[in-house]
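Results of the structural survey
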Amino acid sequence: MSGPVARIAAREGRGEGPPLLVVVGPTAVGKSEFAVLACERFGGEIVGVDSMQVYRGLDRGTAKPGVEMRRRAPHHGIDLAEPGEDFSLGDFVRHAESAIASIRKRRRLPVLVGGTGLYLRGLLKGIVDAPRRDEAMRARLSALAERRGVAALHRLLARVDRGAAARLGPRDRQRLVRALEVYFTARRGISDLIRDSPFGRDRFASVKIGLDMDRDTLYRIIDARVERFFSQGLVEEVRRLLESGCPETANAFKALGYRETLRHLRGELSLEEAIALTQRHTRRYAKRQWTWFRKEEGVTWFEIDPRDTERFGGPLEHAARALGSTC
């Protein structure tokens, strides 16, 4: 092994193996474009950190990398599950760990990029040692929800794990099922498991780069991108998913743009209202991402000007130096 990956690994002297390049920041700031440029420069492969790009068929509204982006750099973490399936944090961490090991085996640089902060934290810090999925238990809990409503799951959870019930909303079916599944399988509440699983330092050596942008500028880019999602067929995509049998209750339909489109197809919103609501929700999501990622340790931040053709030059040079290269 040679090049920046080998040099930083030698300097670190840690057991995690060669480093990761981690790219964070709010939605629409340019993370994917930068990550592809980094892969081309440093010989890397991308591991997506996005909770909705994992679903097949969710293309128009998730900014999923297209054919050209995937040609320029191999991508992992995309199209892993059917839209009607529940894809958990644990599922993501297991897949990402496998992808990182495979990329390193090819002596290439893993480049993590995406906006789902919880997925990134789970991968870097590790996740709670909870029981794996129990399909029979899930079926029983889902049947209970169908008979008595999702709120019945919340009431049941409040009796067996008050801490988890306090954190979860009464309509968050996926997480309520998981919390109850953990309790009835492990005979311990998930809140107890979290309390007994303190998170220490990152499990992987990494170089972390944060991309930022003037807020008003980013909001204009977000609004334009949402309009583009709808003009390029988001409504038709949601209609096809429903016709294929994907239930409206599927976790995939919690994605920005998809839940608003569902309301449009039900006649609750006009198309213009669905677009405006998606824009507002996406701007709010970007604000939450700013808050989350500013708390991430070890990130070097760069202000991006979308009008500058060399806007990624600074972060690329920083990555080169941090990875031990002057290329």
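Here the structure is shown first, and the text comes after it.
What counts, and at which threshold
- Residues numbered from 1 in each chain as written.
- Predicted model: local features only at pLDDT ≥ 70, side-chain atom pairs only at ≥ 80, totals over all residues.
- Heavy atoms only, no water.
- Buried < 20%, exposed > 50% of the residue type's maximum accessible area, 1.4 Å probe, protein only.
- Helix = DSSP H or I, 4+ residues; strand = E, 2+ residues; numbered from the N terminus.
- Pairing = 2+ DSSP bridges.
- Right-handed = clockwise from strand over helix to strand, strands pointing away.
- Expected span 1.5 Å × (residues − 1).
- Contact = heavy atoms within 4.5 Å.

The buried fraction of strand β2 (residues 44-48) amounts to five of the five residues, a majority that puts the element mostly inside the structure. Bridging between β2 and strand β4 (residues 109-113) involves five bridges; their strand directions are parallel. Directly across from Gly 44, in β4, lies its bridge partner Leu 109. The parallel pair β2 and strand β3 (residues 75-76), bridged by helix α3 (residues 67-72), forms a crossover whose chirality is right-handed.

Attention shifts here to helix α14 (residues 271-294). Here α14 contains 24 residues, and its C-alpha end-to-end distance of 35 Å stays within 8% of the 34 Å for a straight helix at 1.5 Å per residue. All of the buried residues along α14 are Ala 274, Ile 275, Leu 277, Thr 278, Gln 279, Thr 282, Ala 286, Gln 289, Trp 290 and Phe 293. On its buried side, α14 packs onto β1 (20-24), α5 (117-125), β5 (206-212), α11 (215-231), α13 (258-265) and β6 (299-303).

All right, on to unusual backbone geometry then. Positive phi values are uncommon outside glycine, yet Asp 79 reaches one of about 60°. Relative to the assigned elements, Asp 79 resides in the loop between β3 and α4 (89-105). If you check the backbone angles, Arg 187 has positive phi at about 60° while not being a glycine. The topology assignment puts Arg 187 in the loop between α9 (173-186) and α10 (190-195). Relative accessible area serves as the criterion here: at 58%, Arg 187 is assigned to the exposed category.

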